[in-house]
Amino acid sequence: MPLLDRLRAIPARRLDLALAALVLAAQLWPLLSSPESWSWWGYAVVLAAAVPLVWRRRAPVVVVMVTLGAVALYDLSDRVAAQPIWYGALVAMYSTAAYASRWPRVLALVVATAGGLAFTGSSDTAVRGVVLFVAAYAVGRAAAVSRSHAAALEERAAQLQRERQVEAERAAERERARIARDMHDILAHAVSLMVVQAEAGPVVVRSDPDRAEAAFDAIATSGRDAMVQLRRLLGVLKEGEGPRAPQPTLAELPDLADQVAGPGLAVNYTVTGTPVPLPGDVDVAAYRVTQEALTNIVKHSGATRADIRFDWQDDELMIRITDDGGGTPRPLPHSGNGLIGIRERAAACHGTASAGPRLDGPGFEVIVRLPLRGAA
């Protein structure tokens, strides 16, 4: 551990005791190193100028005033050793500049410099003393500013750490919400297809075995697809999971349409305009809203035909899914989870979604508009 870090680890009270002892030893040395017999007054003043440093952090102004007063009384006796530098007064001035509030420390500096000029006999000694006090004050202020700056940096670092933690929690919440929406889409779509195909299978098993076989194949395919996608999503919740398979995209929509199509429901998929590559989130959103709309058709409409139309325009992609059924799901935003999920996915990509009865005939329609700004 570096020496500075070791010093910082020592309690402040213990450091002040050690500093006071060091100053006391330095101020006593002129008295103890001389063979002459000095007056007890010199020892008393040296003690008075050094011992108060123990409280230099708690009451810096009081300590500096006591120390300066003791120094001023030192020469009342003629039988005292010369003191080249009053270390205790300098340390007290430094402490006042470092720990006291503005006006008390300024007052202490004025008193110290005025007293040094007024009560020192030699002009050289007076100037030297003033320079030393001003230097001690400047060093104390520099230490205070540095300490304040370090505290501000630590607080800023702590604040940034808290903000990063909050953002990480929010990101985790958004990820959990996305996983919940995807699981809802996958399960609702797969279960709805399986139920519809299972209900249709017995009806045609005798009259049209090929259609019955296709219905049961569709059930198996839907189940396998749901299992694959659920494993992929649940992998997000496990630590140490390897790279995950990509989310479904628009390239897989023809397969989705083939899955939904079956006995009693024809699905038509058309594209107009010039397709362009989409950002990943928009691509996934387009697939999911189409999947959810088809699931609602299978579950609620009783339709015999569904039309998926992708209209690529200059600034947006319009997705229109219609059916000819008699179902009447409530329009957005007061609908069930499926249509709310469509609205949320569109809004997440800065798009819009609407749903309601068709104006050009019987049935229901879902219209989603996704902006193409930023698409490659």
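Residues numbered from 1 in each chain as written. Predicted model: local features only at pLDDT ≥ 70, side-chain atom pairs only at ≥ 80, totals over all residues. Heavy atoms only, no water.

What follows deals with the pairing of strand S2 (residues 305–312). Across seven bridges, the pairing between strand S1 (residues 266–272) and S2 is parallel. Bridging from a neighbouring strand, Tyr269 pairs with Ile308 of S2. With helix H10 (residues 280–301) bridging S1 and its parallel neighbour S2, the resulting β-α-β unit is left-handed. The turn joining S2 and strand S3 (residues 316–323), which pair antiparallel and follow one another in sequence, is formed by three residues. (Pairing = 2+ DSSP bridges. Helix = DSSP H or I, 4+ residues; strand = E, 2+ residues; numbered from the N terminus. Right-handed = clockwise from strand over helix to strand, strands pointing away.)

Formed by 35 residues in total, the largest nonpolar core has its most connected members in Phe310 and Ile319. Every element with two or more residues in this core is listed here: helix H9 (253–260), H10, S2, S3, helix H11 (337–348) and strand S5 (364–371). Phe310 has contacts with Leu250, Leu253, Tyr269, Thr270, Val271, Thr272, Ala286, Thr290, Leu317, Met318 and Ile319, leaving out every residue within four places of it along the chain. (Core = buried A, V, L, I, M, F, W, Y, C linked by side-chain atoms within 4.5 Å. Buried < 20%, exposed > 50% of the residue type's maximum accessible area, 1.4 Å probe, protein only. Contact = heavy atoms within 4.5 Å.)

This part is about the sheet that holds S5. One open sheet holds the five strands; their spatial order is S1-S2-S3-S5-S4, and the pairing between them is mixed. Either end of the sheet is taken by a strand with one partner, and the two such strands are S1 and strand S4 (352–357). Averaged over neighbouring strand pairs, the angle between their axes works out to 10° when direction is ignored. Of the strand pairs in this sheet, S4 and S5 are connected by six bridges, and their pairing is antiparallel. Note that in S5 the partner of Ala353 across the bridge is Val368. (Axes fitted to C-alpha atoms, helices over the stretch in contact; angles between N-to-C directions.)

Among the structural elements, Ser77 can be located in the loop between helix H4 (60–73) and helix H5 (87–99). A relative accessible area of 16% means that Ser77 is categorised as buried. Within polar-contact distance, the side chain of Ser77 engages the backbone nitrogen of Arg79 at 3.3 Å. Aside from chain neighbours lying at most four places away, what touches Ser77 is Ser39 and Trp41. (Polar contact = N/O pair within 3.5 Å; in protein donor to acceptor, adjacent residues only side chain to side chain.)

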